[in-house]
Amino acid sequence: MGLMDILLIIIPSTLLWAAPLILTALGGIFSERSGVVNIGLEGLMVIGAFTAIVFNLSTVDTLGNMTPWVALLVAMAAGAVFSMLHAVASITFRADHTVSGVAINLLAVGVTLFLVKLIYDKGQTDIIQEGFSKIDIPVLSSIPVIGDLFFSNTYWTSYVAIIIAIIVWFVIYKTPFGLRLRSVGEHPMAADTMGINVTKMRYIGVILSGALGGLGGAVYAQSISSDFSHATISGQGFMALAAMIFGKWHPLGAMGAAIFFGFAQSLSIIGKSLPFLENIPNVYLLIAPYVLTILALTGFIGRADAPKASGTHYIKGSR
Amino acid sequence: MSNRTKNILVPVIAVLLGILVGTIIMVASGYDAAAGYTALWNGAFGDVYFTGEVIRQVTPYILAGLAVAFAFRTGLFNIGVEGQLIVGWLAAVWVGVSFDLPKVIHLPLAILAAAAAGALWAFIPGYLKAKFRVHEVIVTIMMNYVALHVTNNVIRTVLSEGKERSENIADTASLRSPFFEGLTEYSRLHWGIFIAVICAILMWFILEKTTKGFELRAVGFNEHASQYAGMNVKNNIILSMVISGTFAGLAGAMEGLGTFGYTAIKSGFTGVGFDGIAVALLGGNTAIGVVLAAFLFGSLKVGALNMPLEAGIPNELVDIIIALIIFFVASSYIIRWFIQRMSKKGVK
């Protein structure tokens, strides 16, 4: 097997696994940049995956091959609505952000499995007929070498995720809204003094994270798992959280980290078919994202610091 | 109204609100709520077998709750109980299958191995927190997944030859109790409940009655003041995580040596560690509160299994209720504010 053949297997698979991680990690960035810790990303992905699959199954007859795309939008809305629970609890009711995030994760699994049993009378849904499938991107795929490697036999969703990452970078670093969002996460009192509505900005941050988390879950469900059960989302949300930290709370950094984690995940699945990897135990690839994140936090790979006010409540008038 | 009454009132209100919302969900989904709660009750206490299962479930819940609560009391948030539990489970079974010893040595050795494994798994985030100021929440989450994959690998390669589960542990390392089994019509109730209760008393004693416990709490309240008073902040942070991890590892021993008697490859988490967060929060992070909350959640979890059989209601309803209870306890600020308003009105 030549190098080219190996790359032809690895690159599309990496991008496939990376897409949901990129989207969800971007969601985490919106929330944490506004100062609200969101370990409920996993739960938001669960909601997104569930919504997308149920919507897909019930409307595929009328919407045809547009179904997965419409399902993405619906899942975004569902994630946004669900994340409002986290926003209300951790911003207005001053709940501990981490505890509220844990509750979000438990609640999402409970609610979705309850609904699956209510709607389908069994533990998991049917497999969707119309998901995202492999395509060759027009024009770009005819570029020699690069076209074959990056734009053939791949998924639209991977490119959507990368484009959204660039948009998020622009929004957070180049717009007044982004500056306000960041200032609320770094020093809410100073931001408040300058007339920025801290509570409103934080709500927006959390709701955007819900929308992107839902989108990430929907992409995962419709391109990788194709149905919904208790094991559909198992740790992707936390891996996205890891990507966000490893990327130092920067949209493009998080994208890079997510692509790297996607690479590790896809290697752990396709590794057996690659000549030089078949002797390396799977477990190293499986734990790589988590170990690397711990090392990054420790400062061995350049120190990662969270936004200063993340995890704290802003109470007007207190010092 | 005194603070003490309020501290008791908040969890009670949270539970009632959780059950209220659970009822609304059942009614809105077209289920018979009364039948649902009857089924839940019968599933937990309708039969001595079920009650045995409840206490069996309460055992790891107490220990996981103690692990979270101990860390909380000393200013740390240990989300890694799940991972520490898994490595404790593995260590206990590992000792249980590999040695041939008399029971008086084998069983304590297996339990100690679980405690040590849990402590070691918690030592890492504790050390990183003390030495590099890394937030323990993220590290413990990451350690959970490392634990899951590493233990699966050990089960596949060391404890078996490519199989899905280990062999059963030797009888000499087992916590199983023929006496309890006879008493409860062959439920899986085992001796572990005594270990759990002893640990609860131990936690109360360490935190409330010893100088070291005072130090640990002091560091949790205010690091700088503790440092100024001459306490070694770093060592206390590490010690606190290690004790918390010990409890979590013991919870794993309960599953490995008591309930199951073996360990198997897991596709996901057991959930006991995360439920431990709920137990600790509801119990107000006190030893007695944890025991009571573990009892509530244990009955809910076991009773829920009867809901689909007797009332046709998915047992996930109980997971929803538990999650809602966490929400309400976490949002205690608003409940307290509400109590304040109500009691003020009463005075007028």
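What you see is a predicted model, and the numbers here were worked out from it, not measured in a lab.

About the thresholds
Residues numbered from 1 in each chain as written. Chains lettered and ligands numbered in written order. Predicted model: local features only at pLDDT ≥ 70, side-chain atom pairs only at ≥ 80, totals over all residues. Heavy atoms only, no water. UniProt positions renumbered as here; feature names shortened; annotations may be inferred. Helix = DSSP H or I, 4+ residues; strand = E, 2+ residues; numbered from the N terminus. Buried < 20%, exposed > 50% of the residue type's maximum accessible area, 1.4 Å probe, protein only. Contact = heavy atoms within 4.5 Å. Salt bridge = Lys/Arg side-chain N within 4 Å of Asp/Glu carboxyl O. Axes fitted to C-alpha atoms, helices over the stretch in contact; angles between N-to-C directions. Parallel < 35°, antiparallel > 145°, perpendicular 65-115°, else oblique. Left-handed = near helix turned anticlockwise from the far one by under 90°. Buried area = accessible area lost by both parts, 1.4 Å probe. Nonpolar A, V, L, I, M, F, W, Y, C, P; charged D, E, K, R; others polar.

What UniProt calls "transmembrane region" (unreviewed entry) maps, in this numbering, to residues 6–29, 36–57, 69–89, 101–120, 155–173, 203–222 and 283–302 of chain A. Secondary structure over residues 101–120 of chain A splits into 100% helix and 0% strand, and the C-alpha atoms at its two ends are 28 Å apart.

What follows is about the environment of Gly22 of chain B. Residues and elements named next belong to chain B. Note that Gly22 resides in helix 1 (residues 3–28). With relative accessibility at 0%, the residue Gly22 sits in the buried group. Apart from the residues lying within four places of it in its own chain, the contact partners of Gly22 are Tyr37, Leu317 and Ile321.

Before going further, it helps to spend a moment on the UniProt feature "transmembrane region" (unreviewed entry) in chain B. Residues and elements named next belong to chain B. Per the UniProt record, "transmembrane region" (unreviewed entry) is annotated on residues 12–34, 54–72, 79–99, 105–124, 189–207, 237–265, 277–300 and 320–339. A distance of 29 Å separates the end C-alpha atoms of residues 105–124, which is 100% helix and 0% strand. Between the end C-alpha atoms of residues 277–300 there is a gap of 16 Å, over a span that is 83% helix and 0% strand.

What follows deals with the environment of Phe221 of chain B. On the secondary structure map, Phe221 of chain B appears in helix 9 (residues 211–221). Using a relative accessible area of 73% as the deciding quantity, one classes Phe221 of chain B as exposed.

The next subject is the pattern of salt bridges. When the charged atoms of two side chains with opposite charge come close together, those side chains can pair. All names here are of chain B. Per the stated rule, a full pass over the model turns up twelve salt bridges over all chains. The residue Arg56 makes a salt bridge to Glu53 at a minimum N-O spacing of 2.7 Å. Pair noted here: Arg56 and Glu53 are both in helix 3 (residues 48–73), with a separation of three residues, about one helical turn. Accessibility classification places Arg56 together with Glu53 in one group, the buried group. In this structure, Glu215 and Lys212 form a salt bridge, with 3.4 Å as the shortest nitrogen-oxygen distance. With Glu215 and Lys212 both in helix 9 and three residues apart, the pair spans about one turn of that helix. Judged by relative accessible area, Lys212 falls into the partly exposed class, the value being 39%.

Residues and elements named next belong to chain A. Interaxial distance between helix 3 (residues 67–92) and helix 9 (residues 198–225) falls to 6 Å at its minimum, and their mutual angle equals 140°. Accordingly, the angle class assigned to the pair helix 3 and helix 9 is oblique. Crossing of helix 3 over helix 9 shows right-handed handedness.

All right, on to the interface of chain A and chain B then. Contacts between the two partners involve 39 residues from chain A and, on the opposite side, 40 residues from chain B. For the chain A and chain B pair, buried surface summed over both sides reaches about 3500 Å², with 82% attributable to carbon and sulfur atoms. Seen at the junction of chain A and chain B, the total is one salt bridge. Glu316 of chain B is the partner of Lys117 of chain A in a salt bridge, and the nearest nitrogen-oxygen pair spans 3.0 Å. Every element with two or more residues in the side of chain A that touches chain B is listed here: helix 3, helix 4 (97–120), helix 10 (236–246) and helix 12 (282–298) of chain A. Counting residues per element, the side of chain A that touches chain B draws most heavily on helix 4 of chain A, which supplies 14 residues. When its residues are assigned to classes, the side of chain A that touches chain B shows 27 nonpolar, seven polar and five charged.

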